[in-house]
Amino acid sequence: MEERALAAATSKGKGNGAVPAQLPEVEERIYVASQWRLMWWRFRKHKLAIASVIVLVVMYTAALFCEFVAPANPYAPNQDFVQAPPQRLRFWDEQGFSLRPFVYGYKITRDPETYRMLFVPDPDKKYYLHFFVRGAPYKLWGFIRSDRHLFGLVEADQPLFLFGADGMGRDMFSRIVYGARISLSIGLVGVMVSMVLGTLIGGVSGYYGGAVDLVVQRLIEMLISIPSIPLWMGLSAALPPDWPPVQVYFGITVILSLIGWSGLARVVRGKFMALREEDFVMAARLAGASEMRIIVRHLVPSFLSHLIASLTLSIPGMILGETSLSFLGIGLRPPVISWGVLLQGAQNFRTVAHAPWLLLPGLFVVLAVLAFNFVGDGLRDAADPYAR
Amino acid sequence: MLQYIARRLLYMVPTLLIISVIAFAIIELPPGDYLTAYMANLAQTGTQASEDAIAALKRQYGLDKPVYLRYVHWVWRLLHGDMGMSFEWNRPVAELIWERLILTFVVSLFTTLFIWAVAFPIGIYSAVRQYSVGDYIFTGLSFIGLGIPNFLLALVLLWFAFSRWGVALTGLFSPQYMDAPWSMAKVLDMMKRIWIPVVILGTSGTAGLIRTMRANLLDELRKPYVITARAKGLPEMRLLFKYPVRIAINPFISTVGWTLPGLVSGATIVSVVLSLPLNGPLLLNALLNQDMYLAGSFIMLLSSLTVIGTLVSDILLAWVDPRIRYT
């Protein structure tokens, strides 16, 4: 602090003398910064991308601890609350302000004509939300037993429907949180598989060139020219219906990556083509480095940042693919919970007209897809050394 | 140019061959076949088919022969325009597919036109007036358009129209024209309803193309020849459309081939949601019921048509931009 004040004082005294005194410091900082640090500095400027990172971190954390975050058991049906509308979180009522949010209970009546259940908020029944309440027992990641939930009602017999209830009276909020685990992870796993395939095939194609390159390029063009959804539909309908859910999950992931790798292979190939003529590759070769070492130690690190950006941009396609297939009923099937499976409940618009909250999983799909797009865009701009 | 077209035509042969293998694999992959599904259905309703009847059915559908022979038979018949019989409908596949396929391509064609008509002016506007309020609005809209899956948009629109105005926006025809033979009135009726799937299918494509058009035009506008032309006193409008726009338009043409598979893909799900008489619902049903020949031939046909579409767009591109022919 003192030094800066001193510099400011001297700059006042000497006029513009401070500019050459300060500039080298900044320049030096840029000069010694690693490539990753430079990327981070440039990425930091994208406000939208930073916000998206936060959104994604929240979503993935909730998905990771979904048993703990969800206030209810997402599989437990409740006949008394079929298609109950969302409860509003309230801070105000006639008695004034309450810092602890509360919800009103339901007053249940029946429509005299259609016998449809009607739910009206009942101001006489007030339930306060508490953190770390005891609720439905669960096993976190299948082995940690607990019944603590992040938040919920102390009155265990009262339901909490922040996002309403579905056609079987199950809590939509809990179901969406559980669905996030499947829907968000399928994108990551699928991208991992695509990355391995894409870098391997694209790398071979770009590094060796010639006939190999020609064959691979034709193959990629061919894959791109097949309409993906009919192909995915055909392949996933071919998954045996008696497979256990885990196997179906991986089957779907592999099917999604079957097409996903092609775009990635193109990026990798282009980079290999450009980089293999560089002097540092020649130097490594003259120094006696093996082909494998050149690829892994010299070529891959120089386009890793690009690879990560393209990977991020290909995750939304995977998430949408899973959602679409499950929505059509040929991807993941109930009782597995994914966003696509949840949206199946909203397939009929007449049902949706009575219970619009059934569309909420779609909102989260859009949110996740947009966030990945923004992060990917930010990363791509940050990774480009020729950006203005 | 002729040489280029000939080369591209030659490339198509292995592509189509491999697509046929994939399509046939889809036919063969499900465990069991239509007959086992059919038997299970029969058993559920309480009737048992006799051994002889099963054997006769197997022979009739060629299910008793080895896989490679069935593939060769299938391709051979396909080349002669015979796509086999649909088990479920008990009608020739070609007959079932044809009308839906034409409608699918009509919808795709209109969607492409819609995408162009919207993305072209907006892309130019966004580039010329970079960082203006309009640019920000369109950029924001196009990001959202890219993020919303088509079928979700269709659902939301259906729900909105139904709960607000009580109309069901499903189908491509009014009830009175549903089964009517083609006539001028039916076409007009279709035109009244076709804009719904067209707009829904077009959103993501439009959004993507706006982004591309804007980026490309911005690159061109920064080039020295634009400054030269401006310095010579060329009117701004004439300058814009004479040079930079003509170069920036390339992606419009080159993406025809890419948008077509995308549109056909998108149309598959959207048509299930909107219950349109397009290929989607038929394909989905065929896959769910293991109606193998119908599903396989359908995927084969859709893929081949998109391959041809890609070829057409490549030829168009080579015609517009001579540099491409010689690489």
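J.: Whenever I open this one, the nonpolar core confuses me. Can you help?
T.: Note that soluble globular proteins tend to have their nonpolar side chains buried in a common cluster. Met 233, Leu 299 and Trp 339 of chain A together with Trp 74 of chain B are the most contacted members of the largest nonpolar core, which totals 146 residues. Per-element tally for this core: the top contributor is helix 11 (residues 291–328) of chain A, with 14 residues. Of the residues that make up this core, three or more belong to each of domain 2 (78–170) and domain 3 (175–382) of chain A. With 8 residues, the next largest nonpolar core counts Ala 127, Met 213, Leu 240 and Val 245 of chain B among its residues.

J.: Even after reading the chapter, I still don't get a positive patch on the surface, so can you show me in this structure?
T.: Residues and elements named next belong to chain A. Judged by side-chain charge, Arg 29, Arg 37, Arg 44, Lys 45 and Lys 47 come together as a positively charged surface patch. The topology assignment puts Lys 45 in the loop between helix 3 (35–44) and helix 4 (47–64). Residue classification places Lys 45 among the exposed residues on the basis of a relative accessible area of 64%.

J.: Mind showing me how you'd approach the confidence of the model for chain B here?
T.: Caution applies to low-pLDDT regions: their predicted coordinates should not be interpreted in detail. The pLDDT averaged across chain B works out to 77; a share of 82% of its residues lies at or above 70. Per the prediction output, this complex has pTM 0.77; the corresponding ipTM is 0.74.

J.: Can you walk me through the interface of chain A and chain B in this structure?
T.: The figure often quoted for interface size is the accessible area lost as the parts come together. Counting residues at the interface gives 42 residues for chain A, matched by 45 residues for chain B. Counting the surface lost from both chain A and chain B, the interface buries some 3,800 Å², and carbon and sulfur atoms represent 82% of this. Inspection of the chain A/chain B interface yields 0 salt bridges. Linking chain A to chain B there are 0 residue pairs in polar contact (both at pLDDT 80 or more). For the side of chain A that touches chain B, the elements supplying multiple residues, two or more each, are helix 7 (210–225), helix 8 (228–237), helix 11, helix 13 (349–354) and helix 14 (360–383) of chain A. The element that contributes the greatest number of residues to the side of chain A that touches chain B is helix 8 of chain A, accounting for 8 residues. Residues that form the side of chain A that touches chain B fall into these classes: 28 nonpolar, 8 polar and 6 charged.

J.: It is not clear to me how the environment of Phe 65 of chain A should be interpreted in this structure. Could you clarify?
T.: All names here are of chain A. Assignment of secondary structure puts Phe 65 in the loop between helix 4 and helix 5 (66–69). The exposure class of Phe 65 is partly exposed, given its relative accessible area of 28%. It is 8.7 Å that separates the C-alpha atoms of Phe 65 and Arg 181, two residues lying 116 residues apart in sequence. In this view, Phe 65 contacts Leu 140, Trp 141 and Arg 181; residues no more than four positions away in its chain are not counted.

Criteria and cut-off values
Residues numbered from 1 in each chain as written. Chains lettered and ligands numbered in written order. Predicted model: local features only at pLDDT ≥ 70, side-chain atom pairs only at ≥ 80, totals over all residues. Heavy atoms only, no water. Core = buried A, V, L, I, M, F, W, Y, C linked by side-chain atoms within 4.5 Å. Buried < 20%, exposed > 50% of the residue type's maximum accessible area, 1.4 Å probe, protein only. Helix = DSSP H or I, 4+ residues; strand = E, 2+ residues; numbered from the N terminus. Domains from an automatic or database assignment. Patch = residues over 30% accessible without salt bridge, like charges linked within 9 Å, V, L, I, M, F, W, Y side chains within 5 Å. Areas by Shrake-Rupley, 256 points an atom, 1.4 Å probe, with all protein chains shown as cover. Salt bridge = Lys/Arg side-chain N within 4 Å of Asp/Glu carboxyl O. Lys, Arg positive; Asp, Glu negative; His and termini not counted. Charge placed at Lys NZ, Arg CZ, Asp CG, Glu CD. pLDDT = per-residue confidence, 0-100. Contact = heavy atoms within 4.5 Å. Buried area = accessible area lost by both parts, 1.4 Å probe. Polar contact = N/O pair within 3.5 Å; in protein donor to acceptor, adjacent residues only side chain to side chain. Nonpolar A, V, L, I, M, F, W, Y, C, P; charged D, E, K, R; others polar.

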